[in-house]
Number of protein chains: 2
Amino acid sequence: MPEYPTIEGIHAAAARLKGLAVETPLLESDLLNERLGGRVLIKAEMLQRTGSFKFRGAYNSISTLEPSIQKTGVVAYSSGNHAQGVAAAAKLLGIPAVIVMPKDAPGIKLSSTRALGAEVILYDRQRENRESLGEKVASDRGLTLIRPYDDPFIIEGQGTAGFEIVRQAHAMDADLDSLLAPCGGGGLIAGVSMALTEKSPATEIYSVEPEDFDDMARSLQAGERLENSGDGESFCDALLSPMPGEMTFAVNSRLLKGGLAVSDGAVGAAMRLLFESLKIVAEPGGAVGLAALIEGAFALDGKTVCVVCSGGNVDPEIFKKVLEG
Amino acid sequence: MPEYPTIEGIHAAAARLKGLAVETPLLESDLLNERLGGRVLIKAEMLQRTGSFKFRGAYNSISTLEPSIQKTGVVAYSSGNHAQGVAAAAKLLGIPAVIVMPKDAPGIKLSSTRALGAEVILYDRQRENRESLGEKVASDRGLTLIRPYDDPFIIEGQGTAGFEIVRQAHAMDADLDSLLAPCGGGGLIAGVSMALTEKSPATEIYSVEPEDFDDMARSLQAGERLENSGDGESFCDALLSPMPGEMTFAVNSRLLKGGLAVSDGAVGAAMRLLFESLKIVAEPGGAVGLAALIEGAFALDGKTVCVVCSGGNVDPEIFKKVLEG
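Criteria and cut-off values
Residues numbered from 1 in each chain as written. Chains lettered and ligands numbered in written order. Predicted model: local features only at pLDDT ≥ 70, side-chain atom pairs only at ≥ 80, totals over all residues. Heavy atoms only, no water. Pairing = 2+ DSSP bridges. Helix = DSSP H or I, 4+ residues; strand = E, 2+ residues; numbered from the N terminus. Contact = heavy atoms within 4.5 Å. Axes fitted to C-alpha atoms, helices over the stretch in contact; angles between N-to-C directions. Parallel < 35°, antiparallel > 145°, perpendicular 65-115°, else oblique. Left-handed = near helix turned anticlockwise from the far one by under 90°. Nonpolar A, V, L, I, M, F, W, Y, C, P; charged D, E, K, R; others polar. Buried < 20%, exposed > 50% of the residue type's maximum accessible area, 1.4 Å probe, protein only. Buried area = accessible area lost by both parts, 1.4 Å probe. Salt bridge = Lys/Arg side-chain N within 4 Å of Asp/Glu carboxyl O. 1 Å grid on protein atoms, 1.4 Å probe; cavity = no way out; pocket = protein on both sides within 12 Å on 5 of 7 lines; lining within 4 Å. Points joined across faces, edges and corners; volume = space filled by probe spheres on them.

**Some points on the sheet that holds strand E8 (residues 204-210) of chain A**
Residue and element names in this part refer to chain A.
Thinking step 1. Taken together, 6 strands build an open sheet; the order of strands is E1-E2-E10-E7-E8-E9 and the sheet is mixed. Among the strands making up the open sheet, the edge pair consists of strand E1 (26-27) and strand E9 (258-262).
Thinking step 2. In this sheet, E8 lies alongside strand E7 (residues 178-182) in parallel orientation, the contact comprising 5 bridges. Paired with Ala 181 across the strands is Ser 207, a residue of E8.
Thinking step 3. Contacts from helix H10 (residues 215-222) reach E8 and E9, with the element oriented near 130° to E8.
Thinking step 4. Across the sheet, helix H13 (residues 288-295) is in contact with strand E2 (39-44), E7, E8, E9 and strand E10 (304-309); its angle to E9 comes to roughly 80°.

**Points about the packing of helix H3 (residues 54-63) of chain A against helix H5 (residues 81-93) of chain A**
All names here are of chain A.
Thinking step 1. Running from N to C, H3 and H5 point in directions that differ by 45°, and their axes come no closer than 8 Å. One element, H3, and the other, H5, form an angle in the oblique class. Relative to H5, the crossing made by H3 is right-handed. On H5, the residues that touch Lys 54, Phe 55, Ala 58, Tyr 59, Ile 62 and Ser 63 of H3 are Asn 81, His 82, Gly 85, Val 86, Ala 88, Ala 89, Ala 90, Leu 92 and Leu 93.
Thinking step 2. Class assignment of the residues belonging to the contact of H3 with H5 gives a composition of 10 nonpolar, 4 polar and 1 charged.

**Looking at helix H10 (residues 215-222) of chain B**
Residue and element names in this part refer to chain B.
Thinking step 1. Residues of H10 that are buried include every one of Asp 215, Met 216, Ala 217, Ser 219 and Leu 220, and no others.
Thinking step 2. Residues of H10 that are buried make contact with strand E8 (204-210), helix H11 (246-255) and strand E9 (258-262).
Thinking step 3. Downstream of H10 by a residue or two, Gly 223 has a phi angle that is positive, lying close to 80°.

**Remarks on the interface of chain A and chain B**
Thinking step 1. Between chain A and chain B, the contact holds 29 residues from the first and 29 residues from the second.
Thinking step 2. Across the chain A to chain B interface the summed buried area is about 2600 Å²; carbon plus sulfur atoms make up 67%.
Thinking step 3. Among the residues chain A hides against chain B, the three largest losses belong to A:Phe275, A:Lys279 and A:Lys320. Together they make up 25% of the total.
Thinking step 4. Taken together, the connections running from chain A to chain B amount to 6 salt bridges.
Thinking step 5. Here A:Lys91 ties to B:Glu34 by a salt bridge, and the two come within 2.7 Å at their closest N and O atoms.

**Remarks on empty space enclosed by the protein**
A water-sized probe rolled over the atoms picks out the places where empty space is left.
Thinking step 1. Tallied over the full model, the rule gives 1 cavity of 30 Å³ or more.
Thinking step 2. One number sums up the size of the largest cavity: a volume of about 180 Å³.
Thinking step 3. Around the largest cavity, the lining comprises 18 residues; the ones closest to its centre are A:Ser29, A:Ser277, B:Arg49, B:Thr50 and B:Gly51.
Thinking step 4. Of all the secondary structure elements, the ones that give two or more residues to the lining of the largest cavity are helix H2 (30-36) and helix H12 (264-278) of chain A.
Thinking step 5. If one sorts the elements of the lining of the largest cavity by residue count, H12(A) sits on top with 3 residues.
Thinking step 6. Its residues placed into classes, the lining of the largest cavity shows 5 nonpolar, 8 polar and 5 charged.

What follows is the structure, given as C-alpha cells:
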C-alpha cells in the first residue's frame, strides 16, 4: 500500500469505479438560492450506491487487494455508512465481509448492511474499542482490515466525488468560491480537497462538524491532532469519530481553509430544507454543510458554494421528528 | 402551433432545455432489486427543477411563443406541478404568470408557486371548472393559456425525459423490457412513449393511475376516451384529472401496451421504499409506478423495468404519515 494518497491515485480510482459508482448529480434549487442569498450547489451523495459516498473508497480499496488476499475476505468497523460501502463492494467482488458496528447504530444502517450479505458483529460504544475489536477479528480470522479513512485508497476513492463536482460545476457555468463538506475521520474532505486543489485551486474548502465533535476544526487551528472531549452529544451518528486521522490530517491541514461547527438544531433545519427544496433525504451527518449556511457559521453573501451532502441513511423515526421541526 | 407532437419536436425541445432542465439521474438500488425480484431503474424526476417533470414541457411551450405574445404573460390551471413549471419558466423568461390552483392543493405547491413569483388564483374543485376559469382569465387579461397536456410543445418537452432514459439505460447496460409512468392527463407518458418508440422500440409501456382514476387504462381498453366516475378518492393529487386529453389519448392509444391501477396503500408503501432504498422524496402521484410493482399490478419476474417517478412535491404532514405506514 502506498504511504499517502496522490492525485494520480484519484484518477485510477475514477477508472475503477466507472459504471459501478453513481455519478451523483450536483443539484440546485431556485428557491434555496433565493432563501439563502447565494448560489448553492448540492452534491447529492445520498444518491450514491448504498446511500452514502463510502462505496467509492471501499470499492477502490478492496478491489486493489491482491486476489489471494482479497478472496479470504475483509473486515471493517463503522457506524454504518462505511459498513454498507464495504459490504456492497465485497458483494460485487464475491468475497466475504465482516462488519463491526455499534449496537446503537441506526436500524436502517444495520439492516442494510446485513441485507448486503455481510456478517455484522455488534459492540458497545461506551465500553469497547472498535479499532482493537476490528484488528482482533482480522487477525483471528485472517481477514484484511479496511480502515474507514486512514488508507490512501479510501481517500483516493472519496476524491472521485471532487472530480465530478468540478466537471459538473463547469457544465453549470459555476465558479466555485467555496466548498463545504462533512467531516468525521476526514477521508471524504481529504480526497475532495486534493481533487479540487488540482482542478479548481481558487476554491476555498471548509470541513463541517457537529458542535462538541469539531476535532478537525480545532486541530486545524492548533496545527496538531486534538481529540474531542467525549462529553458531547449529537444525532449526527456518522460524524462522531474521536479525532482526525493521521493520514487525513496530513492532507487536510495542508489544503483546508478552516473548519466550521454546527448545532443539531441547524442540522434538522437543513434536513427539512433539503426535503422541501430538493426532494432528497439527508441523514443528520449528511446535512451539516447546509446547516453551516443556515446557522451563519459560513457567510454565503452571494457567493457560489458547493455543499457536499454525504449520505441519507436515516431511520424513519428520526426523519419524522425532523419534519415536525 | 402544430396540431400534434413529433419526434423532431422532442429533439428541438431537448435543445431548448439544455442547461436549464436537469438531466435527472436514472437510479438503481441493489436492495430494491433484490426485494422486488428484477432490475428496477428509477427515473428521478423529483430532482427536476421545481420538483417535478412539468418544467420540461412548460418551458418548452412558453419559450416558443412569439416574443410579443410572450411578454404580455401566461396563465395556467394546475393542481400544483404544472403551476410551478409554468411559474419557473415564466420567471426565467422574465414574463408574468397567473396560476389557477385548487384551494385544497398541497401547501408546498401553493407556497412554491408563489415563491417563484406567480400570481395565484384559488378555485373550489367541487364547484368551479378550472378550464373555463383559466380561459376566462386568459381572455380578460390578454394572457396566453398554457394547457397542462393537450399542447404539442408540452408533450414534446415531457418527451425529453424519454431520450434521457434511453441514453442512461444504455450506459448502465440495461435493456428495458418495460417502462411504467404515472398518468394524469397523459402528457408525460405520451412524450416519453414517443421517445422510446423511436429509440427503444421493444420496450413495452404502461400508464399507471390511482384506482378510481384509471380513466386512461379504461379508455385504452375501450378504444375511446372515458371519464372517471367522480366518486373516487385518492391522495395522488397530481393524477386526478377527469379524463384523458384528446391529443395525449391519440398518442397513448397508439403507443401504450396498457394501463394499470394501484391503491393508495401501495402508493404509501412505494414512497417509504423510495425513502429507504434510494433516499428520494416522492409525492403520492410520483410513486404509482413503483406501487404497481409492489402491489403486483405489474409482474416484474426478473425483467428490467424503468419506473418514472414524476415528482416530489409533498407536504411534510403527508410524508410523516406515510413513514408511519
